[in-house]
Amino acid sequence: MVMKNQYKTAEHPFAQFVRILGKGKTSSRSLTLEESRDAMSMIIAGDVEPVQLGAFLMLLRVKEESPDELAGFVMAARAGLQAQRDMALAEAGQAAIAVDLDWSSYAGKRKHYPWFLLAVKVLAARGVRIFMHGASGHTINRLYTEAVLPCLELPVCNDWREVNAAIASSNFAYLGLENLCPPLGEIIGLRNVLGLRSPVHTLSRLLNPVDAPFVMQAIFHPAYRESHQQAAAQLGYRNSCVIKGEGGEIERNPDGLCLAKQIVDGVLTEEEWPALFPLRHAAEEAFDLDHFLAVWRGEAEHEYGEMAVMGTLALTLRVLQRADSQAQALDLATAYWRDRHQTHA
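As the structure is a prediction and not an experimental result, all values here were calculated from the model. (Residues numbered from 1 in each chain as written. Predicted model: local features only at pLDDT ≥ 70, side-chain atom pairs only at ≥ 80, totals over all residues. Heavy atoms only, no water.)

Q: I keep staring at the state of the cysteines and nothing clicks. Help me out?
A: In the structure shown here, the tally under the stated rule is 0 disulfides. We note that C151 lacks a disulfide partner, and the nearest cysteine sulfur, in C157, lies 16 Å from it. Residue C151 is classed as partly exposed on the basis of its relative accessible area of 36%. With no disulfide of its own, C258 lies closest to C241 among cysteine sulfurs, the gap being 7.0 Å. (Disulfide = S-S within 2.5 Å. Buried < 20%, exposed > 50% of the residue type's maximum accessible area, 1.4 Å probe, protein only.)

Q: How do you make sense of the packing of helix 4 (residues 67–91) against helix 12 (residues 224–234) when you look at a structure like this?
A: The packing of two helices is summarised by the inter-axis angle and the distance between the axes. At a minimum axis distance of 8 Å, the contact between helix 4 and helix 12 shows a crossing angle of 50°. With respect to helix 12, the axis of helix 4 lies oblique. The handedness of the crossing between helix 4 and helix 12 comes out as right-handed. Mapping the contact onto sequence places P67, D68, L70, A71 and M75 in helix 4 and S227, H228, Q230, A231 and Q234 in helix 12. Per-class residue counts for the contact of helix 4 with helix 12 are 5 nonpolar, 4 polar and 1 charged. (Axes fitted to C-alpha atoms, helices over the stretch in contact; angles between N-to-C directions. Helix = DSSP H or I, 4+ residues; strand = E, 2+ residues; numbered from the N terminus. Parallel < 35°, antiparallel > 145°, perpendicular 65-115°, else oblique. Left-handed = near helix turned anticlockwise from the far one by under 90°. Contact = heavy atoms within 4.5 Å. Nonpolar A, V, L, I, M, F, W, Y, C, P; charged D, E, K, R; others polar.)

Q: Teacher, can you tell me more about the pairing of strand 2 (residues 130–134) here?
A: Consecutive side chains of a regular strand alternate in pointing toward one face of the sheet and then the other. For strand 2, the buried fraction is high: 5 of the 5 residues fall into the buried class. Pairing analysis gives 5 bridges linking strand 1 (residues 101–105) to strand 2, with the strands arranged parallel. Opposite S104, over in strand 2, you have H133 as the bridge partner. In this fold, strand 1 hands off to helix 5 (residues 116–125), which returns the chain to strand 2; that crossover is right-handed. (Pairing = 2+ DSSP bridges. Right-handed = clockwise from strand over helix to strand, strands pointing away.)

Q: Is there a simple way to explain the environment of L180 in this structure?
A: Looking at the secondary structure, you find L180 in helix 8 (residues 177–180). When the C-alpha positions of L180 and E226 are compared, they lie 26 Å apart, and in sequence the two are 46 residues distant.

Q: Looking at this structure, I do not really get the packing of aromatic side chains. What am I missing?
A: A ring pair, where both rings are aromatic, is described by two values, the distance of the centres and the angle of the planes. Under the defined criterion, the tally for this structure stands at 10 aromatic pairs. Judged by centre distance (6.1 Å) and plane angle (70°), the rings of F56 and F73 are edge-to-face. You can see F56 sitting in helix 3 (residues 50–63) and its partner F73 sitting in helix 4, a full 17 residues away along the chain. Given a relative accessible area of 1%, F56 falls into the buried group. The exposure class assigned to F73 is buried, which follows from its relative accessible area of 0%. A connected cluster of aromatic rings, assembled from ring pairs, spans F14, F17, F56 and F73. (Phe/Tyr/Trp six-rings, centres within 6.5 Å; stacked < 30°, edge-to-face > 60°.)

Dropping the structure here:
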């Protein structure tokens, strides 16, 4: 890559951020919230050189993002995408999008079916308005949400006008990151070029693009739970939950303990959910969506999967403050799953 002529003798404005992160073991440091916001603003605007972007992303990957960095990145991304959202809706003469729950889906599944999507379908049928955002195809050998949603008759949208219509008609809408924030969509697609996940895989989960009052997130590495909780607090999210989800998706693994790091009415807290089975279940040998759909229709059984659905439902109902205890949440989730094919007003 040949640098632009004007930066052969003068320093590129973005160089300062690379230097802060990469100045060595004793001199490097994390970015402040303000520095992170400015850096991401430049990235989204396309005001960085490819070589700078690669260095920046990988330095962050090695160091791991701080809560301040995550919050700053998200602030910059939200500012841009929400401005585009409001402009698109205004041009279409549509009102602001109103939802109850923000649900991110960026990991894809490798060992188990995406049972969380059945929980989402149940919630939408019960009147919970859900906006889901995610990305697909960035990591090989994974089953991504975007490929499964049409099988469940859950709408995949291409723009904000379609999102508004989908929420109104079905209480659910999915918008891919490539349409939500194209620059971030391009970066997350570099997974197989860089050989590693980048900070975009992390910050995207915190975007909450339509300002939902309740936010669900999942991470794969447990250390990120607290970082996400702290960043969500800095972003002003008053009700948020982050878990180590199965495969990195918002799905409670019924075979293990689930620690939920939460913000409840503005207060940081946590809740530990016990395992629902004493022994672990084997991973799927292959994915058969016909079998997955048969479980939804009640034509087939899947011990692990059905409990994953009910466990995820229970956790979400607790976050939505529709249950006063774990036991009540699980009872309600069980009833919702049992009665999933009934018509609900």
